[in-house]
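Descriptive structure summary
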Amino acid sequence: MWRERARNVAEKVVRPLAAKYDREQEYPWEIKEAIAKAGLMGVWIPEEYGGAGGGVIDLCICVEELSGACGGGGVLYAVIVLGTFPVLVGGTEEQKHRFLRPIAKGEKLISFGLSEKFAGSDAASLRATAVKDGDSYVLNGEKKWNTNGGAADIYTVFAVTDPASKSRRTSAIMVEMGTPGFRIGKVEDKMGIRCVPVVEIHFENCRVPAKNLLGEVPGMGFKHAMATLDKARPGVAAQAVGLAQGALEYAMVYAGYREQFGAPISSFQMIQAMLADMATKTEAARNLVYVAALAVDTAAPNVSKLSAMCKLFATDTAMEVTTDAVQIFGGYGYMRDYPIEKYMRDAKITQIYEGTNQVQRMVVARSLVKESLGLKHLLDFIPKEIQKGVNDPETLKRLAEESKRLAEETLGSVDVPTHNA
Ligand code: CAA
């Protein structure tokens, strides 16, 4: 049902407007209205807060369909998901009703403010502050890369509430457009996803009611941000799948009609191999996205890993597939009159935002280090001669201490199994 509804919006509204908004770099209110009218705004929001009660799998399907027609149309929607998840993850009942209902109904838009000029991948190093003063928090500082900024009515902002704390340093605070001291700054001129605004936001003694602090308990911001990204990354991955599928379809059609050497180029083996690889990788990415989305929906224990895996694989695939699609279009592919170069421009950002693919690989690798600690039985099958000093109690002790130190450095406190002699 969601796929059909989203595809309908994508084909009837998004695709015909994609080139216009890419050129003009203006917020496509018609697209937002069409998405809302189709009832897609509240797909992932539970029914008790006015949504449709679907899962991350449903929103991924919607993002995928919208992105197949326009990557900007896809992220316009996906970023609303990103803004709402901190509320779902950490908000009080009252906050969930207050902030999620108008979004589910399509009456308001939300934006997510985590990154700063000097805090990108290192999301724990924020500088914007929120200082408690009576029954308010006073915000100062700035945020970078706010997608949907300016168009959105509500901003989920992460700021430092306890500079002295290491693990409870930040909190998430909901800031509404129009609050004195809150201002939209530089509007970025982007390579791709040009229909959605990406802006800086500034806070100068911006006073926000204390009841807007998510969960009304300070210090949970980093955890809320990380848990949010675990749930939202499949959405970016779905955007990438949509872009790859959209580019593939244009390339298939073009290859069937474009004649060279007296035959359609789709009859040439080199083009066929490219199309086959593009389709195979896109399908593999799609399936990994669905697996990760279902893991989120079922609260599986390996969500962070799967979510990072699908994000990095699908977005790397999108970059590859859209680049190959431009190649199939040849010289025409490089020209703005043709729809294909936009897919390549739109795909690039998916490898960067919601955590660079370098960060995703780091998240996956950290999970693997953790998992390896539960695989010590495999040591019995690894020839002893490469297990230095494996029968020497002193060496075993030193190795155990060293691996515990390394694991703690990477993961925090862990129980490290000792070597099997
Ligand atoms: N869920 C819940 N808690 C988590 C968690 C998770 N997935 N990951 C870590 N935590 C907790 C840890 O348990 C730890 O808690 P304690 O202090 O109580 O032990 C705490 O958070 C710190 O964890 P780490 O030491 O692992 O944190 P780190 O500083 O090493 O950072 C990181 C890890 C993976 C690099 C993280 O900083 C990260 O994901 N960075 C990328 C940020 C990102 O994606 N930014 C993009 C923003 S969105 C955007 O692009 C804008 C847009 O509009 C689209």
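The preceding data block contains the structure.
Since the model is a prediction, treat every value here as computed from it, not as a measurement.

About the thresholds
- All chains use their own residue numbering, which begins from 1 and follows the written sequence.
- Totals for whole chains, interfaces and linings use every residue, but because this is a predicted model, local features are given only for residues with pLDDT of at least 70 and side-chain atom pairs only at 80 or more, for both listing and counting.
- Hydrogen atoms and water are omitted, and side-chain values are computed over all heavy atoms in the structure.
- Every helix listed is a DSSP run of H or I at least four residues long, and every strand listed is a run of E at least two residues long, numbered separately from the N terminus.
- Expected helix span is computed as 1.5 Å times (number of residues minus one).
- For the exposure calls, accessible area comes from a 1.4 Å probe over protein chains only, and a residue counts as buried if that area is under 20% of its type's maximum, exposed if over 50%, partly exposed in between.
- This arc describes the spread of directions from the helix axis toward the C-beta atoms.
- Contacts between residues were defined by any pair of non-hydrogen atoms, one from each residue, lying within 4.5 Å.
- In this analysis, axes come from line fits to C-alpha atoms, helices being fitted only over the stretch in contact, and the angle between any two N-to-C directions falls in the range 0 to 180 degrees.
- In what follows, roughly perpendicular refers to angles from 65 to 115 degrees, roughly parallel to angles under 35, roughly antiparallel to angles over 145, and oblique to any angle outside these ranges.
- A clockwise turn of the near helix away from the far one marks a right-handed crossing, whereas an anticlockwise turn of less than a right angle marks a left-handed crossing.
- Residue polarity follows a fixed list, in which Ala, Val, Leu, Ile, Met, Phe, Trp, Tyr, Cys and Pro are nonpolar, Asp, Glu, Lys and Arg are charged, and the others, Gly among them, are polar.
- If a single non-hydrogen atom of a residue is within 4 Å of a molecule or strand, that residue counts as near it.
- As used in this structure description, the phrase polar contact means that two N or O atoms lie within 3.5 Å; if the pair is within protein, one of them must be able to donate a hydrogen and the other to accept it, and residues adjacent in sequence are counted only when both atoms belong to side chains.
- Note on pairing: two strands pair once DSSP finds at least 2 bridges between them.
- Salt bridges are defined by distance alone: a side-chain nitrogen of Lys or Arg within 4 Å of a carboxyl oxygen of Asp or Glu.
- Here a Phe, Tyr or Trp ring, Trp counted by its six-membered ring, pairs with any other such ring whose centre lies within 6.5 Å, and the pair is stacked when the planes are under 30 degrees apart, edge-to-face when over 60, and tilted otherwise.
- Geometrically, a charge over a ring is one whose NZ (Lys) or CZ (Arg) sits within 6 Å of the ring centre while staying within 35 degrees of the ring normal.

On to helix α10 (residues 357–372), then. Helix length check: α10, at 16 residues, gives a terminal C-alpha distance of 22 Å against a target of 22 Å (1.5 Å per residue), a fit within 8%. For α10, the complete set of buried residues consists of N357, V359, Q360, V364 and S367. Angular distribution of buried residues about the axis of α10 spans 160°; they occupy a single face of the element. Turning to α10, the residues buried within the fold contact α6 (221–257), α8 (303–329) and α9 (340–350).

So, on to the packing of helix α1 (residues 2–24) against helix α2 (residues 29–37). Two numbers describe how α1 lies on α2: the axes approach to 10 Å, and their chain directions differ by 165°. The orientation of α1 relative to α2 falls into the category roughly antiparallel. Handedness of the α1/α2 crossing: left-handed. Only E30, I31, A34 and I35 of α2 make contact with α1, whose side of the interface consists of V9, V13, V14, L17 and Y21. Split into classes, the residues belonging to the contact of α1 with α2 amount to 8 nonpolar, no polar and 1 charged.

What follows is about unusual backbone geometry. Its identity as a non-glycine residue notwithstanding, N205 has a phi of 45°, on the positive side. Among the structural elements, N205 can be located in strand β7 (residues 198–209). Owing to a relative accessible area of 57%, N205 belongs among the exposed residues under this scheme.

Next up on the list: the environment of I154. Positionally, I154 belongs in strand β4 (residues 154–160). In sequence terms I154 and G83 are 71 residues apart; their C-alpha atoms lie 8.5 Å from each other. Leave out the neighbours within four places in its chain, and I154 touches F99, I103, K108, L109, I110, S111, M174 and V175.

Quick look at the site of the ligand now. Not every one of the 27 residues close to the ligand is listed here, only the nearest: S121, T147, D230, R233 and R366. Within the contact set of the ligand, a nitrogen atom lies 2.8 Å away from a backbone nitrogen or oxygen of S121. Taking G355, its main chain carries an N or O atom lying 3.0 Å from an oxygen atom of the ligand. Where the shell around the ligand is concerned, the elements lending two or more residues are α4 (71–90), β3 (136–147), α6 and α10. For the shell around the ligand, the element with the highest residue contribution is α6, accounting for 7 residues. For the shell around the ligand, a count of residues per class yields 14 nonpolar, 7 polar and 6 charged.

Right, let's talk about the side chain of T317 for a bit. For T317, the position within the fold is in helix α8. Of the residues examined, T317 reaches a relative accessible area of 4% and is grouped as buried. Sequence-distant contacts of T317, defined by excluding residues within four places in its chain, comprise K281, T282 and A285.

Now for the packing of α4 against helix α5 (residues 93–104). To characterise two packed helices, one gives the angle between the axes of the helices and the distance between these axes. At their nearest, the axes of α4 and α5 sit 10 Å apart, and the two run at 160° to each other. By the angle between their axes, α4 is roughly antiparallel relative to α5. The way α4 lies across α5 gives a crossing that is left-handed. Two secondary-structure elements touch here, α4 through I80, T84, V87 and L88 and α5 through Q95, K96, F99, L100 and I103. When its residues are assigned to classes, the contact of α4 with α5 shows 6 nonpolar, 2 polar and 1 charged.

The next thing to look at is the pairing of strand β5 (residues 170–176). For β5, the buried fraction is high: 6 of the 7 residues fall into the buried class. Bridge count for β4 against β5 is 7 bridges, and the pairing is antiparallel. By the bridge assignment for β5, T156 is matched with M174.

For the rest of this paragraph, the subject is the pattern of salt bridges. What the rule picks out here adds up to 26 salt bridges. Here R3 makes a salt bridge to E64, at a shortest N to O gap of 3.4 Å. Taken as a pair, R3 in helix α1 and E64 in helix α3 (residues 56–69) lie far apart in primary sequence, 61 residues in all. Across the pair E176 and K108 runs a salt bridge, and its minimum N-O distance is 3.9 Å.

Before going further, it helps to examine the packing of aromatic side chains. Going through the model one piece at a time under the given rule, you end up with 10 aromatic pairs. Taking the centre distance of 5.7 Å and the plane angle of 85° together, the rings of W44 and Y77 count as edge-to-face. With W44 in the loop between α2 and α3 and Y77 in helix α4, this pair connects stretches of sequence that are 33 residues apart. When sorted by exposure, W44 lands in the same class as Y77, which is buried. An aromatic cluster is built from Y254, F329, Y332 and Y338, whose rings are joined through pairwise contacts. Over the aromatic face of Y21 sits the side chain of K20, whose NZ or CZ is 4.8 Å from the ring centroid. Between K144 and the ring centre of W145, over which it is positioned, the NZ or CZ distance is 4.9 Å.

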